[in-house]
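Breakdown of the fold
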Amino acid sequence: MPNSRRTPAAGLDPRGPLVLDTRTLPRRPGSARTETRTVPAPADLHTGLAGIPEGSDLRLDITLESVTEGVLATVTAVAPVTGECARCLEPVSQMIEVRCQELFSYEQGAGDADEDGYALDGDLLDLEPMLRDALVLALPLAPLCRQDCPGLCAECGALLAQAGPEHGHESAIDPRWAGLRQRMTHGEQAPGPAPEIREESGRGRP
Ligand SMILES: [Zn+2]
Ligand SMILES: [Zn+2]
């Protein structure tokens, strides 16, 4: 599986959807070329609650510019994001748009291996690493199905957006049971012999 990070190791596949051939771009500072292409989104573009589905349409507006040191790539990408609402866990889908720019240097000399930039591989450049970084950073950390999503009822887990504003549990617990309830949630659970629970009402043990 070709896993090209910043340093393309095994050579780029010129047919790769995110690989650009710069041969038609004159190596003369000031020359520029633009193109628009729609490519299938690569895998593994996701964070905890949101991601870009693999294979979905990634729309790219690409500008390549010759500069003295190499080729400056400027990309605007529009991508669909799906995920779960951080409050109510209902499905969320939205579009994100990111703009990123990187310099791809012409072949660098020896000792450039740890250079923290991008480089052309012959006439080819691979947009995937820069796009990957930009897209993952742009993913919402806490996507919301709508800005004012009321979330879930803390008591019963109901969707508050559907349950309505009068949904509540204030009166649901008989005050006589409140103490017992508290003991059961916070008290230590004694295994073995039944815990001694006295019932004030004297209502029956069989
Ligand atoms: Zn929600
Ligand atoms: Zn509830």
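All of the points below concern the structure found in this document.

Here we take up the overall build of the protein. A tally of regular secondary structure across the protein gives three helices and nine strands. Start at the N end of the protein and walk to the C end: the helices and strands fall as β-β-β-β-β-β-β-β-β-α-α-α. Among the 206 residues that make up the protein, the fraction classed as buried is 32%. At a minimum sequence separation of 6, the contacts of the protein that also span at least 24 residues come to 60%. A total accessible area of about 13600 Å² is found for the protein, and carbon and sulfur atoms account for 51% of it.

Protein coordination at the zinc ion (ligand 2) comes from C153 (SG), C156 (SG), H167 (NE2) and H169 (NE2), with a distance range of 2.0 to 2.2 Å. Around the zinc ion (ligand 2), the four donor atoms sit at angles spanning 102 to 113°, and that spread fits a shape best called tetrahedral. Positions of the donor residues of the zinc ion (ligand 2), expressed as sequence spacing, correspond to C-x2-C-x10-H-x1-H. Placement of the pair is C153 in the loop between α1 (128-138) and α2 (160-163) and H169 in the loop between α2 and α3 (175-186), with a sequence separation of 16 residues. Since its relative accessible area comes to 21%, H169 is described here as partly exposed.

Take T74: it is sitting in strand β6 (residues 70-84). A relative accessible area of 8% means that T74 is categorised as buried. For T74, the side chain forms a polar contact with the side chain of Q101, separated by 2.8 Å. Apart from the residues within four sequence positions on either side, T74 is in contact with D61, I62, T63, R99, C100 and Q101.

The subject of this paragraph is the coordination of the zinc ion (ligand 1). Bound to the zinc ion (ligand 1) on the protein side are C85 (SG), C88 (SG), C145 (SG) and C149 (SG), at distances that span 2.3 Å. Around the zinc ion (ligand 1) sit four donor atoms, and with donor-metal-donor angles ranging over 106 to 113° the site reads as tetrahedral. Mapping the donors of the zinc ion (ligand 1) onto the primary sequence yields the spacing C-x2-C-x56-C-x3-C. A relative accessible area of 37% places C145 in the partly exposed class.

Among the structural elements, D13 can be located in the segment before β1 (19-21). Put simply, D13 and L124 are 111 residues apart on the chain and 8.7 Å apart in space, counted from C-alpha to C-alpha. A polar contact is formed between the side chain of D13 and the backbone nitrogen of R15, at a distance of 2.9 Å.

Right, let's talk about the nonpolar core for a bit. I52, L60, L127 and L135 are the most contacted members of the largest nonpolar core, which has 32 residues in total. Mapped by element, the contributors of at least two residues to this core are β4 (50-52), β5 (57-66), β6, β7 (91-105) and α1. Per element, the largest residue contribution to this core is six residues, and it comes from β6. Discounting residues that sit within four places of it in the chain, I52 has contacts with A41, L45, A79, P80, V81, I96, L135 and L139. Of all hydrophobic cores here, the second largest spans six residues; its members include C85, C88, L144 and L159.

The next subject is the packing of aromatic side chains. Throughout the structure, instances matching the rule amount to one aromatic pair. Pairing F104 with Y118 gives two aromatic rings, centres 5.2 Å apart and planes at 35°, and the pair type is tilted. Of this pair, F104 sits in strand β7 while Y118 sits in strand β8 (residues 118-119), and the two are 14 residues apart along the sequence. Residues F104 and Y118 agree in their burial class; the two are buried.

Moving on, we come to the pattern of salt bridges. Side chains carrying opposite charge are able to pair once their charged atoms draw close together. Inspection of the entire model under this criterion finds eight salt bridges. Connected through salt bridges with shared partners, the residues R33, E35 and R37 form a single ionic network.

Moving on, we come to the pairing of β5. Of the two faces of β5, only the one carrying L58, L60, I62, L64 and S66 is buried; D57, R59, D61, T63 and E65 on the other face are not. The pairing of β5 with β6 spans eight bridges and is antiparallel. Each residue of the ladder has a partner; that of T63, found in β6, is T74. Hairpin connection of β5 to β6: three residues between the antiparallel strands.

Parameters at a glance
- Residues numbered from 1 in each chain as written.
- Chains lettered and ligands numbered in written order.
- Predicted model: local features only at pLDDT ≥ 70, side-chain atom pairs only at ≥ 80, totals over all residues.
- Heavy atoms only, no water.
- Helix = DSSP H or I, 4+ residues; strand = E, 2+ residues; numbered from the N terminus.
- Buried < 20%, exposed > 50% of the residue type's maximum accessible area, 1.4 Å probe, protein only.
- Contact = heavy atoms within 4.5 Å.
- Areas by Shrake-Rupley, 256 points an atom, 1.4 Å probe, with all protein chains shown as cover.
- Donors = N, O, S within 2.8 Å, 3.2 Å for Na, K, Ca; no water.
- Tetrahedral: all angles 85-135°; square planar, octahedral: opposite > 155°, others 65-115°.
- Polar contact = N/O pair within 3.5 Å; in protein donor to acceptor, adjacent residues only side chain to side chain.
- Core = buried A, V, L, I, M, F, W, Y, C linked by side-chain atoms within 4.5 Å.
- Phe/Tyr/Trp six-rings, centres within 6.5 Å; stacked < 30°, edge-to-face > 60°.
- Salt bridge = Lys/Arg side-chain N within 4 Å of Asp/Glu carboxyl O.
- Pairing = 2+ DSSP bridges.

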